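Below, each chain spelled out in residue letters.
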Amino acid sequence: MDVDSDAAAPQKLCRVLLVGEGNFSFSASVCETAGSCTEITATCFQPEEAARQQGEAERNIQRLLEKGAEVYFQVDCTQLKECVALSGRQFDRVVFNFPHCGRKAGVKKNRTLLTKFFLSCAGVLSEDGEVHIALCNGQGGTPADQPMREWHNSWQVVAMAAEAGFILSEICPFDCAKYHSYRSTGYRSQDKTFHVEGALNHIFTRSLPFTSVQAVAVQETLGKHRVCFQIPEELSEYINRGFLGRHSHHPVYLINERLLKELSSLVPVQRIEREFPLLFHSSKGLPDWLCDLSNIYWIRPSEVGLTGSEEASPQDLNSSVQPETQPVTSGEAVANSTGTEEGVKKGYGLRSSLMVHAHDVLQQKGFRVETFYTMSGPVFRKIPVSRDNLPAFHETLLICGFDPERRPDYIRVLQRSLEKVIPARLDSSERLLTFQKLSDAPVLHGISVKQKGDRQVGRIAVIPPGRFHPGLHVCAVTLNLDLLAMLVFGVQDWRMLWSSDPRFLDQFGQMELRPLQSFSLHPPLYQHDVSFWVDPLSFDELGFHSLVRQVTAGAVIDVRLVDSFQYPHMPQASRCYRLSYQACDRALSSRKAQELQLRLREQIQQRLQVTLR
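Just so it is clear, the model here is predicted, and its values are computed rather than measured. (Residues numbered from 1 in each chain as written. Predicted model: local features only at pLDDT ≥ 70, side-chain atom pairs only at ≥ 80, totals over all residues. Heavy atoms only, no water.)

(A) Looking closely at the overall build of the chain. A tally of regular secondary structure across the chain gives 14 helices and 25 strands. Counting every position in the chain, which comprises 613 residues, the buried fraction comes to 53%. A separation of at least 24 residues holds for 72% of the contacts in the chain among residues at least 6 apart in sequence. As presented, the chain carries roughly 28,700 Å² of accessible surface, and 47% of it is formed by carbon and sulfur atoms. (Helix = DSSP H or I, 4+ residues; strand = E, 2+ residues; numbered from the N terminus. Buried < 20%, exposed > 50% of the residue type's maximum accessible area, 1.4 Å probe, protein only. Contact = heavy atoms within 4.5 Å. Areas by Shrake-Rupley, 256 points an atom, 1.4 Å probe, with all protein chains shown as cover.)

Take a look at the structure:
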């Protein structure tokens, strides 16, 4: 436990509570090195008389008292709030070195001890406080243990902390040499000491609580019409976040600004300041190469009416949209699992790509050839739950018109700009970016990054005259800013980019492209299966995945079909899915995962008209 940094800050008082002390040698050592702005409170479980009889305990207690520390006896670390001496007090750090139930206690009893201790800490710890637990090598059950025990044979310290709302924010070696007079003692100060070689100090902090998704009502203007609707609940946390705002320092904003800066040094770039609606209308038709119709969230508006304006912008892509004749009473998303013409007739949908605005950009006044016009914003896709699937992300659209007689090498221009933004791998000499041809009509390339796998981060299309512009070839580029941000900042889980925890966003206040320092290490993973009978012809699998996102508030990171069968004489089929629960920025306990799973089972039966097995 390092208190030097706090001691060096004269304006900040650090109140430290040490529990489970044996001979008080650790407390005395900490007290010797702590600054004047550190208050030490040392406690032990034994009665005073028994504690003072331990080797060197009497001298260590005297040293503590001489330094102004407080010493208390018979303090149960699992009931700290009930301790009279600690009543009403808050501490900035609570320290427990080498907890143990004693004798031959198994891992289950020690897990229970940890859980009760963390729950007790929650009542005496300040809002920004830390809990420090030192464990012998292998006990914690994290990859930092070398060798790492099997999960079921460890104390599962991260999962136990999650029961009280704590996350593992830092882990470091327990350096005995730093505490010169420290001598560990065994259970209730027995002579047998703990094996401190390779021991680790685990530092826990509070996490934000889990919250249920909330319905979000939105009103958009499309041409002459005002459209009111509800955002699908599983997307509610991705709406109105403002990550691309002018005063933002979010990673997607930093990536976008850096990319446009590099691009503008090679070709003319013009930003489009106009706000575009999240909603579009399919009345003009959407070609398959422009956006995947099967992934669109189709919306049934709650109200559609005229805006009251007599004039409408002739550049508006949706100016010809006709209002719905019979609006429904409540907004909802309509599933569409096919890319057929029937799907196009759904009407309103959330944009799955900024390409739906491409025609609008090309028709604006003052449009200049061989200039890249750019806009950015969130897009939404109805896709299966997977570690690699982003249902919402930020996209940048770059669109340029050029004369058919000219063939500018825009792929090379884009490649040079991206390579200045994405750090190259040090262990490989191969090209970082690849452009794979996907189709000829129009010429379409997928942009992939060979880093931690081969991930497609965008597309570049060259569209002949007549489709978007009567006389110009059009080069249109879409880039997934979230995936680019993950690569540049070393973000392992895409959900972290949407975190509300200030410890995430505060890391980028200096506007620098530096790696993310995770504040939630080694989050536990829980897996639960759900099986049910379905009608294979009518079962909406994407609807099932959307329901999982909604009910679990994004706590499920992956859904896999692990078993499926159908008896020859039965019309129904059985499906078994395995759900992996894991949170990236908050404490997810086993109990909470089970609670979410039970709630999901109820909703599956009620809303999907299936029979649970």
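Anyway, onward from the coordinates.
(B) Quick peek at the pairing of strand S16 (residues 372–380). Burial analysis of S16 places seven of its nine residues in the buried class, the great majority of the element. One ladder, built from three bridges, connects strand S10 (residues 269–271) with S16; its direction is parallel. Its bridge partner lying in S16, Arg 271 is registered against Thr 374. As paired strands, S16 and strand S17 (residues 392–402) are joined by eight bridges and run antiparallel to one another. (Pairing = 2+ DSSP bridges.)

(C) Region of interest: the nonpolar core. Leu 350, Phe 380, Leu 414, Ile 447 and Leu 479 are the most contacted members of the largest nonpolar core, which has 89 residues in total. Looking at which element gives the most residues to this core, the answer is helix H11 (residues 481–489), with eight residues. For Phe 380, the contacting residues outside a window of four places in its chain are Leu 235, Tyr 238, Ile 239, Leu 278, Asn 295, Tyr 297, Leu 350, Arg 351, Ser 352, Pro 391 and Ala 392. (Core = buried A, V, L, I, M, F, W, Y, C linked by side-chain atoms within 4.5 Å.)

(D) Molecular detail of the packing of aromatic side chains. Overall, the coordinates contain 24 aromatic pairs when judged by the stated rule. Between Phe 118 and Phe 166 the ring centres are 5.9 Å apart and the planes differ by 40°, which places this aromatic pair in the tilted class. One end of the pair, Phe 118, is in helix H5 (residues 107–121); the other, Phe 166, is in strand S6 (residues 166–173), with 48 residues separating them in the sequence. Both residues of the pair, Phe 118 and Phe 166, count as buried. Members of the aromatic cluster, each reached through a chain of ring pairs, are Phe 96, Phe 117, Phe 118, Phe 166 and Phe 204. Its guanidinium or amino end placed over the ring of Phe 210, Arg 586 lies 5.7 Å from that ring's centre, counting from NZ or CZ. (Phe/Tyr/Trp six-rings, centres within 6.5 Å; stacked < 30°, edge-to-face > 60°. Lys NZ or Arg CZ within 6 Å of the ring centre and 35° of its normal.)

(E) Structural context of the pattern of salt bridges. Considering all chains together, one arrives at 24 salt bridges under this definition. For the salt bridge of Asp 388 with Arg 455, the shortest nitrogen-to-oxygen distance reads 3.9 Å. In this pair, Asp 388 sits in the loop between S16 and S17 while Arg 455 sits in strand S20 (residues 454–463), placing the two residues 67 residues apart along the sequence. Where Asp 529 meets Arg 578, a salt bridge forms, and the shortest distance between an N and an O atom there is 2.8 Å. Taken together, the residues Asp 529 in strand S22 (residues 526–534) and Arg 578 in strand S24 (residues 573–581) connect sequence positions 49 residues apart. Assessed through its relative accessible area of 36%, Asp 529 is described here as partly exposed. For Arg 578, a relative accessible area of 33% translates into the label partly exposed. (Salt bridge = Lys/Arg side-chain N within 4 Å of Asp/Glu carboxyl O.)

(F) Just the packing of helix H7 (residues 251–264) against H11, in detail. Two numbers describe how H7 lies on H11: the axes approach to 9 Å, and their chain directions differ by 95°. One element, H7, and the other, H11, form an angle in the roughly perpendicular class. The residues of H11 that touch H7, namely those facing Pro 251, Val 252, Leu 254, Ile 255 and Asn 256, are Leu 481, Asp 482, Leu 484, Ala 485, Val 488 and Phe 489. Classifying every residue of the contact of H7 with H11 by side-chain character gives nine nonpolar, one polar and one charged. (Axes fitted to C-alpha atoms, helices over the stretch in contact; angles between N-to-C directions. Parallel < 35°, antiparallel > 145°, perpendicular 65-115°, else oblique. Nonpolar A, V, L, I, M, F, W, Y, C, P; charged D, E, K, R; others polar.)

(G) Summary view of the confidence of the model for the chain. Confidence in the prediction for the chain averages 85 pLDDT; 86% of positions are at 70 or higher. Overall, residues 5–9 carries pLDDT values under 50, and its contacts beyond four positions in sequence, including any with other chains, amount to eight contacts. Every residue in residues 334–345 scores below 50 in pLDDT, and together they form 24 contacts with partners more than four places removed in sequence or on other chains. (pLDDT = per-residue confidence, 0-100.)

(H) Broad picture of the pairing of strand S8 (residues 216–222). Covered by surrounding structure in S8 are Val 216, Val 218, Glu 220 and Leu 222 only, the residues Ala 217, Gln 219 and Thr 221 on the alternate face being uncovered. With seven bridges joining them, S8 and strand S9 (residues 225–231) adopt antiparallel strand pairing. Note that in S9 the partner of Thr 221 across the bridge is Arg 226. Here S8 hands over to S9 after two residues, with Gly 223 in that stretch at a positive phi of 65°.

(I) Structural view of unusual backbone geometry. Each neighbour pair has its own omega, and for Gln 146 with Pro 147 the value is 0°, a cis peptide bond. Assignment of secondary structure puts Pro 147 in the loop between strand S5 (125–135) and helix H6 (157–162). One non-glycine residue with positive phi stands out, namely Phe 24, at about 65°.

(J) Expanded view of H7. The first and last C-alpha atoms of H7 sit 20 Å apart over 14 residues, in line with the 20 Å expected at 1.5 Å per residue. Within H7, 10 of the 14 residues are buried, leaving the element largely enclosed by the surrounding structure. Among the residues of H7, those classed as buried are Pro 251, Val 252, Tyr 253, Leu 254, Ile 255, Asn 256, Leu 259, Leu 260, Glu 262 and Leu 263. (Expected span 1.5 Å × (residues − 1).)

(K) Quick peek at the packing of helix H2 (residues 25–33) against helix H4 (residues 57–66). The geometry of H2 relative to H4 is characterised by a closest axis approach of 9 Å and an angle of 30° between their N-to-C directions. The two elements H2 and H4 cross, and the hand of that crossing is left-handed. Across the interface between the two elements, Ser 25, Ser 27, Ala 28, Ser 29, Cys 31 and Glu 32 of H2 pack against Asn 60, Arg 63 and Leu 64 of H4. Residues that form the contact of H2 with H4 fall into these classes: three nonpolar, four polar and two charged. (Left-handed = near helix turned anticlockwise from the far one by under 90°.)

(L) Here's a closer look at the sheet that holds S5. In space, the seven strands of this open sheet follow the order S3-S2-S1-S4-S5-S7-S6, with mixed pairing throughout. Looking at which strands have only one partner, the edges of the open sheet turn out to be strand S3 (70–72) and S6. When strand polarity is set aside, the average angle formed by the axes of neighbouring strands in this sheet is 20°. With six bridges connecting them, strand S4 (residues 91–97) and S5 associate as parallel partners. Directly across from Phe 91, in S5, lies its bridge partner Leu 125. Contacting strand S1 (14–19), strand S2 (38–43) and S4, H2 runs over the sheet at an angle of about 170° to S2. Relative to S5, H5 is tilted by about 155°, and along the sheet it contacts S1, S4, S5, S6 and strand S7 (200–206).

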